[in-house]
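Coordinate inspection notes
The chain contents come next:
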Amino acid sequence: MMSRTPPRRVVSLVPSLTEAVARTAPGLLVGATDWCSEPAGLDVVRIGGTKNPDTERIAALAPDLVLANEEENREPDLAALRAAGIAVLVTEVRTLPQAFRELERVLVHGCGLVRPPWLDAAEAAWRELPVPAAQRTAVVPVWRRPWMVLGRDTFAGDLLARLGVRHHYADHADRYPRVPLDALLACAADLVVLPDEPYRFSAEDGPEAFPGLPAALVSGRCLTWYGPSLVRAPGELAEALAAAR
């Protein structure tokens, strides 16, 4: 159960939420994962990875609240924290509107903060996005060796759809299916979208696997993070997609 008083010590197990809280209320965070890279220079205790957090170290920090996500974190770890008497707020983010709702739930209702101006700016940036002139189909790898792509019901897929790009595996039974490269090459997509995280695709690592197919190299932070980066994400993603023609 959530505390009735605003928390004063927060641990985040989600890089996106770490940035959102740190940008809104510097000093509130006391712990974050090794993967929480934003904002730069964040000075908090590191408590392991998103999939393998050190629950004992987290408990030793005596947080009032731990922020988690149903996709990024494992239920056994969250259960261990709850068993230690720690309040855990678990988010679910699979669409842009859901991201905005969850950010308000975390920041305003969970952390007791005033709704930050950057959240209003992010909503405005996406609301004012022009209607795409044309629709394109893409394959969107998120890993290599083995190849994995965006499938159904993903936040990144929803962002791309708003930018006029439907990913080929949007109706797949899995959210992040493993698909052999020959199948990816045979799906008659208009382009391949290559983010730089979680796998660090680059101009030298990725496009060569899709000869003859336009490649859009995009910021993984803009495509997959839900936080302050949503302010600049529509412009940066649209620019990168437009360049892949």
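Residues numbered from 1 in each chain as written. Predicted model: local features only at pLDDT ≥ 70, side-chain atom pairs only at ≥ 80, totals over all residues. Heavy atoms only, no water.

Before going further, it helps to examine the sheet that holds strand 1 (residues 10-12). The strand order 3-2-1-4-5 describes an open sheet built from five strands, whose pairing is parallel. Only two strands of the sheet have a single neighbouring strand rather than two, namely strand 3 (45-46) and strand 5 (88-91). Looking at chain direction, strand 1 and strand 4 (residues 65-69) are connected through three bridges and run parallel. Paired with Val10 across the two strands is Leu65, which belongs to strand 4. In the packing of helix 1 (residues 15-24) onto the sheet, the strands contacted are strand 1, strand 2 (29-32), strand 4 and strand 5, and the crossing angle to strand 2 comes to about 165°. Of the strands in this sheet, strand 4 and strand 5 are in contact with helix 4 (residues 96-110), which crosses strand 5 at around 160°. (Pairing = 2+ DSSP bridges. Helix = DSSP H or I, 4+ residues; strand = E, 2+ residues; numbered from the N terminus. Contact = heavy atoms within 4.5 Å. Axes fitted to C-alpha atoms, helices over the stretch in contact; angles between N-to-C directions.)

This part takes up the pattern of salt bridges. It is possible for side chains bearing opposite charge to pair when their charged atoms get close. Within the structure shown, the criterion is met by 19 salt bridges. With its nearest N and O atoms 2.5 Å apart, the salt bridge here joins Glu104 to Arg115. Of this pair, Glu104 sits in helix 4 while Arg115 sits in the loop between helix 4 and helix 5 (117-127), placing them eleven residues apart in sequence. With a relative accessible area of 24%, Arg115 lands in the partly exposed category. The partner of Glu208 in a salt bridge is Arg144, and the shortest N-O contact between them spans 2.8 Å. Placement of the pair is Glu208 in the loop between strand 10 (191-195) and strand 11 (215-218) and Arg144 in the loop between strand 7 (141-143) and strand 8 (148-149), with a sequence separation of 64 residues. With relative accessibility at 44%, the residue Glu208 sits in the partly exposed group. Residue classification places Arg144 among the buried residues on the basis of a relative accessible area of 15%. Each of Glu19, Arg23, Glu38 and Arg221 takes part in a single network of salt bridges with overlapping partners. (Salt bridge = Lys/Arg side-chain N within 4 Å of Asp/Glu carboxyl O. Buried < 20%, exposed > 50% of the residue type's maximum accessible area, 1.4 Å probe, protein only.)

Scanning the entire structure with this criterion turns up five aromatic pairs. Taken together, a centroid distance of 6.0 Å and an interplanar angle of 15° make the contact between Trp147 and Phe201 stacked. Here Trp147 is found in the loop between strand 7 and strand 8, whereas its partner Phe201 is found in the loop between strand 10 and strand 11, with 54 residues between them in sequence. Among the residues examined, Trp147 registers a relative accessible area of 11% and is labelled buried. Judged by centre distance (4.6 Å) and plane angle (50°), the rings of Tyr199 and Phe201 are tilted. With respect to burial, Tyr199 and Phe201 carry one shared label: buried. A connected cluster of aromatic rings, assembled from ring pairs, spans Trp143, Trp147, Tyr199, Phe201 and Phe210. Sitting above the plane of the Trp225 ring, Arg221 keeps its charged end 5.7 Å from the centroid. (Phe/Tyr/Trp six-rings, centres within 6.5 Å; stacked < 30°, edge-to-face > 60°. Lys NZ or Arg CZ within 6 Å of the ring centre and 35° of its normal.)

A one-sided burial pattern is seen for strand 11, the buried positions being Ala216 and Val218 and the unburied ones Ala215 and Leu217. When strand 10 meets strand 11, the two strands line up parallel, connected through four bridges. Opposite Val192, over in strand 11, you have Ala215 as the bridge partner.

Following the sequence through the fold, Thr50 ends up in the loop between strand 3 and helix 2 (55-60). Residues Thr50 and Leu65, 15 residues apart in the sequence, show an inter-C-alpha distance of 16 Å. In this view, Thr50 contacts Leu13, Pro15, Thr33, Trp35, Glu72 and Asn73; residues no more than four positions away in its chain are not counted.

Where helix 4 meets helix 6 (residues 155-162), the axes come as close as 8 Å, and the angle between the chain directions of the two elements is 120°. With respect to helix 6, the axis of helix 4 lies oblique. Judged by residue contacts, Leu96, Pro97 and Ala99 of helix 4 engage Phe155, Asp158, Leu159 and Arg162 from helix 6. For the contact of helix 4 with helix 6, a count of residues per class yields five nonpolar, no polar and two charged. (Parallel < 35°, antiparallel > 145°, perpendicular 65-115°, else oblique. Nonpolar A, V, L, I, M, F, W, Y, C, P; charged D, E, K, R; others polar.)

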